[in-house]
Amino acid sequence: MSDVFRVYKFGGASVKDAQAVQNVVNIIRNYAEEPMVVVVSAMGKMTNALEEVVAAVMANDESRIHNSIQVVVDFHRVIGEELFSENHPVWETLEGYFNQLRTRAALHSGESYGAVYDRLICFGEFLSTQIIQAVLLDAGLNSRWHNAQELVITNGHHRRATVDFTVTEDVVRKSVAPEGIHIVQGFLGATAEGTPTTLGREGSDYTAAVLAYVLDASEVCIWKDVPGVLTGDPKVFSDVIRLETISFREAIELAYYGASVIHPKTIQPLQRKEIPLRVRSFVNPDEPGTVIQKGKLLHPMSPCFIRKGQQALITLSTRDLAFIVEDHLSKIYNTFHELGIAVNLMQNSAVSSSFSINHDPILLNDLLEKLREDFVVKHNTDLCLYTVRHYDEKSTASIRSKGEVFLEQVTRHTHQFVVKE
């Protein structure tokens, strides 16, 4: 048995129901080599469901809180009933988490949205990993469950915490023995004092990369419902192909622009130690997938398409039509930073600046109110941000045909459009 770790990561789609859970356990049994760490996301769309719980708590709506929590409870009970007998010991654990969720949802007393979010959203990952752990043990596999909030140590920035790699490495190496299978929640962390944090939406990939980095893993494998990294989402774009290899640098670029198959921060720690990242299909696990490693940009070379929906475009100008200068931009970006809002695209003219951001209904209202203190503000919602890497005339024409273009920006390798479809 080798003492070199491999890290596997399974997202929500891979554990969306009882059959999917059994498939994941079969992959672990058939493809895993001990020791290994298995990072698991919340099941199906449970993060979305828990975000509804957060919204209900922020609105102080008791009926909505009760109903939204019941959705979470019923979903996991249905999966559990298909996997376990009624007297299986896992039920006590699951019911304990349901009660904790109810208790925590009743504790809101003027906390920030981010603090409430991080305190409640974690139950999706806790429940999914306890279910996976129970099925692994029932299958006779040597598996141990870990609490990511005790392993991944971060600063206190809610919903976008920064990992302290030095402290995390010390904790992980003391907690994760070089034998067996170790089950860990993705997306979650905590401060050294134990305050819950999260690593950013879809952050489970990043969790896998962090653990691979601190354990000097031989590889990370992310299991998806696609045959590898494609040149675009096949549900959105036609004639996409599978990329066989991608360089670390190109993968960082694709992730930055929103390629959903890779989390933006995932590649950086892997690149530092040159740990390969494989993207494989949990539907057809024998297929080779895509390898991200040191090497040439893409093979085969092809335009790559990325679509980000639910965008808001904000255009700011000074009240006296004075030039937008560095002091204005500093104030604008500080406002984005204070509210925890990432800018997906920005463009300046002489007297205005435009920003494409993810449309979070709660945060957008706060942002607009704050910006109106100093600027004239215009905004549009229900937009899409399209990005084409390694564009050509055919690829850009296909995006322009999708609707009204509100903003267009071109750099050496990248062409972006904000579009009203």
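All values reported here derive from a predicted model rather than from experimental measurement.

Student: How would you summarise the UniProt feature "binding site: substrate" (unreviewed entry) in the protein if you had to cite specific residues and measurements?
Tutor: UniProt records the feature "binding site: substrate" (unreviewed entry) for T47 and E125 in the present numbering. Their sequence span is 79 residues, while the largest C-alpha to C-alpha distance among them is just 8.6 Å; these annotated residues converge on one region. When you line up the elements, T47 lands in helix α2 (residues 46-58). In contact with T47, not counting residues within four places along its chain, are A42, Y117, I121, E125 and R201.

Student: Talk me through the UniProt feature "binding site: ATP" (unreviewed entry) in the protein; I want residue IDs and the actual numbers.
Tutor: With numbering matched to this structure, UniProt assigns "binding site: ATP" (unreviewed entry) to K9, F10, G11 and G12. Considering the arrangement of structural elements, one finds K9 in strand β1 (residues 6-10). Residue contacts for K9: discarding those within four places in its chain leaves V39, S41, S204, D205, A208, C221, I222, W223 and K224. Looking at the secondary structure, you find G12 in the loop between β1 and α1 (18-31). Those residues in contact with G12 that lie beyond four places of it in its chain are S41, A42, M43 and G44.

Student: Account for the packing of aromatic side chains, with residues named and values stated.
Tutor: Note on aromatic pairs: each is described by the distance of the centres and the angle between the planes. Tallied over the entire structure, the rule returns 16 aromatic pairs. Taking 6.2 Å as the distance between ring centres and 50° as the angle between the ring planes, the aromatic pair formed by F126 and W145 counts as tilted. You can see F126 sitting in helix α6 (residues 123-138) and its partner W145 sitting in strand β3 (residues 143-145), a full 19 residues away along the chain. The partly exposed category is assigned to W145, whose relative accessible area is 22%. Taken together through their ring pairs, the aromatic side chains of Y8, F10, Y31 and W223 make up a single cluster. It is R272 that lies over the ring of F165; its NZ or CZ is 5.3 Å from the centre. The ring of Y213 carries K273 above its face, with NZ or CZ at 4.1 Å from the centroid.

Student: Could you give an account of the side chain of N344, with specific residues and numbers?
Tutor: Tracing the backbone through its elements, the reader meets N344 in strand β13 (residues 343-348). Within polar-contact distance, the side chain of N344 engages the side chain of N358 at 2.9 Å. In contact with N344, other than residues within four places in its own chain, are K308, Q311, S356, I357, N358, L385 and Q416.

Student: Could you give an account of the pattern of salt bridges, naming the residues involved and the relevant values?
Tutor: One pass over the full model with this rule turns up 16 salt bridges. Put simply, R77 and E95 hold a salt bridge, and the shortest N to O gap is 3.0 Å. Of the two residues, R77 sits in helix α3 (residues 62-83) while E95 sits in helix α4 (residues 90-105), which places them 18 residues apart along the sequence. Residue class for R77 comes out partly exposed when judged on its relative accessible area of 26%. Residue class for E95 comes out partly exposed when judged on its relative accessible area of 26%. A salt bridge links R119 to E111; the shortest N-O distance between them is 2.5 Å. Judged by relative accessible area, which is 12%, R119 ranks as buried.

Student: Which residues make up the environment of F75, and what values go with them?
Tutor: Note on placement: F75 falls in helix α3. The class for F75 is partly exposed, based on a relative accessible area of 25%. Along the sequence, F75 and K16 sit 59 residues apart, while their C-alpha atoms lie 9.8 Å from each other. Setting aside its immediate chain neighbours within four residues, F75 contacts K16, M43 and M46.

Student: Outline α4, listing residues and values.
Tutor: With 16 residues, α4 should cover 22 Å at 1.5 Å per step; its first-to-last C-alpha distance of 23 Å lies within 8% of that length. Taken as a whole, α4 has its buried residues at V90, W91, L94, Y97, F98, L101 and A105. Down the axis of α4, the buried set is contained in an arc of 125°. They therefore lie on one face. Against α2, α3, α5 (113-120), α6 and β3 lie the buried residues of α4.

Student: Describe the sheet that holds strand β14 (residues 352-358), naming the residues involved and giving the relevant values.
Tutor: Strand order in the open sheet formed by six strands is β13-β14-β12-β15-β17-β16, and the pairing between neighbours is antiparallel. Either end of the sheet is taken by a strand with one partner, and the two such strands are β13 and β16 (404-410). Strand-to-strand twist across the sheet, computed as the mean angle between neighbouring axes with direction ignored, equals 30°. Sheet analysis places strand β12 (residues 304-317) next to β14, joined by seven bridges and oriented antiparallel. Its bridge partner being in β14, Q311 is matched across the sheet by N358.

Student: Go over the side chain of T290, please, and point to the residues and values.
Tutor: Among the structural elements, T290 can be located in strand β10 (residues 290-293). On the basis of relative accessible area, T290 is assigned to the buried category, the value being 0%. In terms of polar contacts, T290 uses its side chain to reach the backbone amide nitrogen of V229, at 2.9 Å. At 2.5 Å, the side chain of T290 forms a polar contact with the backbone oxygen of L243. Sequence-distant contacts of T290, that is, excluding residues within four places in its chain, are made with G228, V229, R242, L243, E244, T245, I246, L277, R278 and V279.

Student: Outline the packing of α1 against α6, supporting the account with residue identities and numerical values.
Tutor: Each pair of packed helices can be summarised by the angle the axes make with each other and by the distance between the axes. Between α1 and α6, whose axes approach to 10 Å, the crossing angle comes to 55°. One way to sum up the angle between α1 and α6 is to call them oblique. For the pair α1 and α6, the crossing hand works out as right-handed. Residue-level inspection shows V21, Q22, V24, V25 and I28 of α1 in contact with α6, the latter providing I131, I132, V135 and L136.

Student: Which residues make up the sheet that holds strand β11 (residues 298-299), and what are the values?
Tutor: Within the open sheet, the nine strands sit side by side as β3-β4-β2-β1-β7-β9-β10-β8-β11. Their pairing is mixed. Each edge of the open sheet carries a strand with a single partner, namely β3 and β11. Both strand β2 (residues 36-40) and strand β4 (residues 181-185) contribute to a ladder of five bridges, which runs parallel. Considered in β4, the bridge of V38 is made with I183. Its contacts with the sheet place helix α10 (residues 248-256) against β8 (245-247), β10 and β11, and it is angled at close to 85° to β8.

Rules behind the numbers
Residues numbered from 1 in each chain as written. Predicted model: local features only at pLDDT ≥ 70, side-chain atom pairs only at ≥ 80, totals over all residues. Heavy atoms only, no water. UniProt positions renumbered as here; feature names shortened; annotations may be inferred. Helix = DSSP H or I, 4+ residues; strand = E, 2+ residues; numbered from the N terminus. Contact = heavy atoms within 4.5 Å. Phe/Tyr/Trp six-rings, centres within 6.5 Å; stacked < 30°, edge-to-face > 60°. Buried < 20%, exposed > 50% of the residue type's maximum accessible area, 1.4 Å probe, protein only. Lys NZ or Arg CZ within 6 Å of the ring centre and 35° of its normal. Polar contact = N/O pair within 3.5 Å; in protein donor to acceptor, adjacent residues only side chain to side chain. Salt bridge = Lys/Arg side-chain N within 4 Å of Asp/Glu carboxyl O. Expected span 1.5 Å × (residues − 1). Arc of directions from axis to C-beta. Pairing = 2+ DSSP bridges. Axes fitted to C-alpha atoms, helices over the stretch in contact; angles between N-to-C directions. Parallel < 35°, antiparallel > 145°, perpendicular 65-115°, else oblique. Left-handed = near helix turned anticlockwise from the far one by under 90°.

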